[in-house]
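What follows is the residue order along each chain.
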Amino acid sequence: MAAKPNLINGEWVGSGESIASINPSNLGDCIGEFALANPKQARLAVVAAREALPSWSATTTQLRSDILMKAAMEISARRDELGELVSREAGKTRAEGIGEVVRAMQIFQFFSGEAVRYGGENLPSVRPGIGVLTSREPVGVVAVITPWNFPVAIAAWKLAPALAFGNTVVFKPSEETPAIAWELMRILERNGLPPGVVNMINAPGALVGPALTEKVDAISFTGSVCTGREIVSRAIPSMARIQLEMGGKNPLVVLDDADLDVAVECAANGAFFSAGQRCTASSRLVVMSRIYDRFVEALVKRMRSLKVGDALVEDTDIGPIINQRQLDSIQRSIQIGKDEGAELLEGGDLVEAKTPGFFMRPTLMLGTNSMRINRDEIFGPFACVICASDYDEALAIANDTDYGLSSGICTRSHKLATHFRLNAKSGLTMVNLPTAGLDYHVPFGGRNASSYGLGEQGKSAVEFYTVSKTAYVAYG
Ligand code: NAD
């Protein structure tokens, strides 16, 4: 199988080595080989983006808008095929894969509109005879580094605004999901993106990370806290603008007046769908004592109804874990929980399927918030139930975390829902909804270890992908 090349300055460039993309639902299924870029190629990609910047940033907003809309139309027309590829490569169910592709299409559409809408202000000066104009210019060359768990939606929510506002890009997708990234590059190329405006490098981050990030104007990264820390330390000498979206340890609070069915569905969806491999997954279920037994019993029943298996099989609810390393890490966390005294109530074991893959049953433990299983992101179909005696304790537990991405509450009380919305220390708060599941037109981002720098999407995207200029003009 010939390795699919990297994209540098409009040329498809090979290399001596390659990485394979393997279907986590079926380890015998190799999706493709992808040329492994080296640091020299990463530097050439940055040079190409730098050279393409003057002409791309000078293009009309109409041209940029048109290219993004055409890309959206192609993604829309190919949603089933691309969705299947996402499922095959990232292990999401077919519905989740297609849903993610549709989301990518919506993001390209949205930023196609934003490309002609963003702008500045015209203000009176406080001094006589002077006008003040603020305007926005592209931030420059952007390194875009993405994880595997939303391989096309996260790429879209970084690439679309970067391009809409006149920036050029070096894109490094996760080495786990090169195939869908490669298709996205072909789509942008086919729909008129000039050479060098987006360049793509496939390689492990540790290999090309320094070369990618040392001479760029901005870095937009989504991934783990550990990688985020390394990137931020590297960005400081060059003073590149940074945007880091990282992990979560998101609480879902269930009050005793909650609609039990709603609460159970929010927990099951938030904790276990997409095999819990979402930064916004509900990994801590903080449940008030009066509803605790009923909630746990109903959730376990719901968990037992979820079918684990090959992501592409029609009735699968929960696909595989992405790779052996991640599966081992989740299993280690369960053992750590047991060693700390948490009770394993449901799941935790591996699942045999027709094909060899990384399948495990959704897992529920009972424990306290101080346990490591409730401090560290586990990133799998795992949740721990923590008992709280009243609302104040539940809120305190929800906020007692190093992270701060998403939080949720299930209650019929408008007063407590409002209090929670105002006092939860997280970038996103959900009322009677799962902690995961977002719109594309509003800002997204967390607090503390979950995010660093400017947020993403909606109006935050304009803030990150442009720099502001204030001009003073003397009249007459
Ligand atoms: P990861 O940190 O291992 O990798 C993310 C990306 O960074 C990959 O492309 C990887 O190759 C690259 N990378 C790794 N080391 C690098 C280095 N030294 N320099 C530059 N790049 C480097 O994360 P992952 O396992 O792909 O994704 C899972 C993590 O992503 C979880 O922690 C999850 O919570 C987080 N995530 C966060 C959000 C969010 O928006 N907050 C969304 C999705 C996933």
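Computed from a prediction, not measured in an experiment: that's the story for all the values here.

Chemist: Help me understand the UniProt feature "active site" (unreviewed entry) in the protein, please; the structure alone is not making it clear to me.
Modeler: When the UniProt feature table is mapped to this numbering, "active site" (unreviewed entry) covers Glu245. Inspection of the secondary structure puts Glu245 in strand β11 (residues 241–245). Beyond its immediate chain neighbours, meaning those up to four positions away, Glu245 contacts Phe221, Thr222, Gly223, Leu405, Phe444, Gly445, Gly446, Ser450, Ser451, Gly455 and Glu456.

Chemist: I would appreciate a short explanation of the UniProt feature "domain: Aldehyde dehydrogenase" (unreviewed entry) in the protein in the present structure.
Modeler: The sites that UniProt annotates as "domain: Aldehyde dehydrogenase" (unreviewed entry) are residues 12–470. Secondary structure across residues 12–470 comprises 42% helix and 20% strand; the distance between its end C-alpha atoms is 40 Å.

Chemist: Sorry, what's going on with the side chain of Asn369 here?
Modeler: Among the secondary structure elements, Asn369 is positioned in the loop between β15 (363–366) and β16 (382–388). We classify Asn369 as buried; its relative accessible area is 7%. One polar contact links Asn369 to Arg284, side chain to side chain, over a distance of 2.9 Å. Ignoring sequence-local partners within four residues, the contact set of Asn369 consists of Arg284, Asn374, Arg375, Ile386, Ile397 and Asp400.

Chemist: For this particular structure, what's the right way to read the sheet that holds strand β13 (residues 282–288)?
Modeler: Strands pair in a sheet through their backbones, by hydrogen bonds, and they do so in one of two ways: parallel or antiparallel. Taken in spatial order, the 7 strands of this open sheet run β14-β15-β16-β13-β12-β17-β18, and their pairing is mixed. Because the sheet does not close on itself, it has two edges, and the strands there are β14 (343–346) and β18 (428–431). Geometrically, the sheet is characterised by an average inter-axis angle of 25° between neighbouring strands, direction not taken into account. Here 4 bridges tie strand β17 (residues 406–410) to β18, and the two strands are oriented parallel to one another. Its bridge partner lying in β18, Ser407 is registered against Thr429. Each of β12 (250–254), β13, β16 and β17 is contacted by helix α12 (residues 391–399), which is oriented at about 145° to β16, the strand it contacts most. With respect to the sheet, helix α13 (residues 414–423) is in contact with β12, β17 and β18, its orientation differing from that of β17 by roughly 170°.

Chemist: Which parts of the structure should I look at to understand a nonpolar patch on the surface?
Modeler: A grouping of Leu133, Val473 and Tyr475 is seen on the molecular surface, where their side chains present a nonpolar patch of about 260 Å² in accessible area. Assignment of secondary structure puts Val473 in strand β20 (residues 466–474). On the basis of relative accessible area, Val473 is assigned to the partly exposed category, the value being 32%.

Chemist: Can you help me understand helix α7 (residues 205–213) in this one?
Modeler: Listing the buried residues of α7 in full gives Val208, Gly209, Ala211, Leu212 and Thr213. The inward-facing, buried residues of α7 contact α1 (39–57), β7 (141–145), β8 (168–172), β10 (218–222) and α8 (225–238).

Chemist: What exactly am I supposed to notice about the pattern of salt bridges here?
Modeler: Proximity of charged atoms lets side chains of opposite charge pair with each other. Going through the model one piece at a time under the given rule, you end up with 26 salt bridges. For Glu314, the salt bridge identified is with Arg94, shortest N-O distance 3.6 Å. Of this pair, Glu314 sits in the loop between α10 (289–305) and α11 (324–340) while Arg94 sits in helix α4 (residues 94–114), and the two are 220 residues apart along the sequence. Between Asp349 and Arg361 there is a salt bridge; the shortest N-O distance is 3.3 Å. Here Arg361 lies in the loop between β14 and β15 and Asp349 lies in the loop between β14 and β15, a separation of 12 residues in the sequence. Overall, the relative accessible area of 35% leaves Asp349 in the partly exposed class. A relative accessible area of 35% means that Arg361 is categorised as partly exposed.

Chemist: Where do I start with the domain arrangement of the protein in this structure?
Modeler: Many structure descriptions define interface size as the accessible area lost when the parts assemble. Annotation of the protein at the domain level lists domain 1 (6–246 + 440–474) and domain 2 (250–431). If you average the C-alpha positions of domain 1 and of domain 2, the two centres end up 30 Å apart. Each side of the interface is counted separately: domain 1 has 29 residues, and domain 2 has 34 residues. For the pairing of domain 1 and domain 2, the buried interface totals around 2500 Å² over both sides, and the portion due to carbon and sulfur atoms is 58%. Looking at the side of domain 1 facing domain 2, the largest losses of area belong to Ser25, Trp148 and Arg447, adding up to 21% of the total buried there. Where domain 1 touches domain 2, the interface holds 2 salt bridges. Where domain 1 packs against domain 2, one counts 14 residue pairs in polar contact (both at pLDDT 80 or more). For the side of domain 1 that touches domain 2, the elements supplying multiple residues, two or more each, are α3 (79–90) and α4. The biggest single contributor to the side of domain 1 that touches domain 2 is α3, with 5 residues.

Chemist: Whenever I open this one, the nonpolar core confuses me. Can you help?
Modeler: Soluble globular proteins: nonpolar side chains tend toward being buried together. Counting residues in hydrophobic clusters, the biggest one holds 92 residues, and the most contacted among them are Phe108, Phe111, Leu159, Leu163, Phe171, Met185 and Ile219. Here this core takes 9 residues from helix α5 (residues 153–164), the largest share from any one element. Looking at which domains feed residues into this core, each of domain 1 (6–246 + 440–474) and domain 2 (250–431) gives three or more. When residues no more than four places from it in sequence are discounted, the contact partners of Leu159 are Val169, Phe171, Leu184, Met185, Leu188 and Val198. With 45 residues, the next largest nonpolar core counts Val254, Cys266, Met360 and Cys384 among its residues.

Basis of the calculations
Residues numbered from 1 in each chain as written. Predicted model: local features only at pLDDT ≥ 70, side-chain atom pairs only at ≥ 80, totals over all residues. Heavy atoms only, no water. UniProt positions renumbered as here; feature names shortened; annotations may be inferred. Helix = DSSP H or I, 4+ residues; strand = E, 2+ residues; numbered from the N terminus. Contact = heavy atoms within 4.5 Å. Buried < 20%, exposed > 50% of the residue type's maximum accessible area, 1.4 Å probe, protein only. Polar contact = N/O pair within 3.5 Å; in protein donor to acceptor, adjacent residues only side chain to side chain. Pairing = 2+ DSSP bridges. Axes fitted to C-alpha atoms, helices over the stretch in contact; angles between N-to-C directions. Patch = residues over 30% accessible without salt bridge, like charges linked within 9 Å, V, L, I, M, F, W, Y side chains within 5 Å. Areas by Shrake-Rupley, 256 points an atom, 1.4 Å probe, with all protein chains shown as cover. Salt bridge = Lys/Arg side-chain N within 4 Å of Asp/Glu carboxyl O. Domains from an automatic or database assignment. Buried area = accessible area lost by both parts, 1.4 Å probe. Core = buried A, V, L, I, M, F, W, Y, C linked by side-chain atoms within 4.5 Å.

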